[in-house]
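# Structural features, examined
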Amino acid sequence: MSTPNKDLAKVEVRLKWDPSPPGAPAHDLDIIAATYPADEPYGNPSYLVHFDSRSPDGTITLNRDSRTGQGLGFDEVMTLELNRLSAAYARVVVGVAIQQRDGRRTFADIASAGIQIREGYTNLAEDDFSSVGGATAATVAEFVRGGSGGWEFHETIRGFEGDPGSFAATMGSSTPGR
């Protein structure tokens, strides 16, 4: 589903989930953003933003990172300042990956997982990952620069199979797994 919102300026992607049961390995979900160049919007990303990183120009930052889901409200928050992003970039894809270091986990295994995408006080999208319950990662949003230079939002809940590294390499492809 897409929204008629255009000329987006500053967007927040917010992720929440419940901690794993006592004695079980921690559930660790990560927001990942991939930025694509204007001359090859479906090729390889120019750069990725995820835990322990930010965009080279500071326009995309992970403000809050959680490795357990413990806390109140949203556990991870990423800010995308699209209005400041260079005209050299035409597309930004945002996804969520589940760390797989303690065995295979899918969204169906993570209690109360949810994503919210906002601009200011306006919710652009919300999802609980139920449509991709068997996946280990999913794209959640695509921001595309229009012909006038403004940014448009497209909700893109698409499941992927694999670890966070393979997901990051393919999350912006036009078809899953490409």
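Definitions and cut-offs
Residues numbered from 1 in each chain as written. Predicted model: local features only at pLDDT ≥ 70, side-chain atom pairs only at ≥ 80, totals over all residues. Heavy atoms only, no water. Salt bridge = Lys/Arg side-chain N within 4 Å of Asp/Glu carboxyl O. Core = buried A, V, L, I, M, F, W, Y, C linked by side-chain atoms within 4.5 Å. Buried < 20%, exposed > 50% of the residue type's maximum accessible area, 1.4 Å probe, protein only. Contact = heavy atoms within 4.5 Å. Helix = DSSP H or I, 4+ residues; strand = E, 2+ residues; numbered from the N terminus. Polar contact = N/O pair within 3.5 Å; in protein donor to acceptor, adjacent residues only side chain to side chain. Phe/Tyr/Trp six-rings, centres within 6.5 Å; stacked < 30°, edge-to-face > 60°.

Applying the stated rule across the entire model yields 5 salt bridges. Of the charged contacts, one joins Arg 14 and Glu 12 as a salt bridge, the two residues approaching to 3.7 Å between their closest N and O atoms.

Core analysis: the biggest nonpolar cluster contains 37 residues, and Val 92, Val 94, Ile 117, Phe 129 and Phe 143 have the highest contact counts within it. Sequence-distant contacts of Phe 129, that is, excluding residues within four places in its chain, are made with Leu 15, Val 96, Phe 107, Ala 113, Gly 114, Ile 115, Ala 138 and Val 140. By size, the runner-up hydrophobic cluster in this structure holds 9 residues, among which are Ile 32, Phe 160, Phe 167 and Met 171.

Now for the side chain of Asp 75. Examined against the element boundaries, Asp 75 turns out to sit in the loop between β5 (60-64) and β6 (76-81). A residue is classified by how much of its surface remains accessible, and Asp 75, at 4% relative accessible area, is buried. At 3.1 Å, the side chain of Asp 75 forms a polar contact with the backbone nitrogen of Trp 17.

For the structure shown, the criterion picks out 4 aromatic pairs. Ring centres of Phe 107 and Phe 129 lie 4.3 Å apart, and the angle between their planes is 5 degrees; this geometry places the pair in the stacked category. One end of the pair, Phe 107, is in the loop between β7 (89-98) and β8 (114-119); the other, Phe 129, is in the loop between β9 (122-127) and β10 (137-145), with 22 residues separating them in the sequence. Considered together, Phe 107 and Phe 129 belong to a single accessibility category, that of buried residues. Aromatic pair Phe 160 and Phe 167: ring centres 5.1 Å apart, planes at 65 degrees, arrangement edge-to-face. Given a relative accessible area of 2%, Phe 167 falls into the buried group.

Turning our attention to unusual backbone geometry. In the Ramachandran plot, Ser 112 falls in the positive-phi region, its phi being about 55 degrees despite a non-glycine side chain. Since its relative accessible area comes to 46%, Ser 112 is described here as partly exposed. Despite not being glycine, Phe 129 shows a phi value in the positive range, around 65 degrees.

Note that all results are geometric; they support no functional claim without further evidence.
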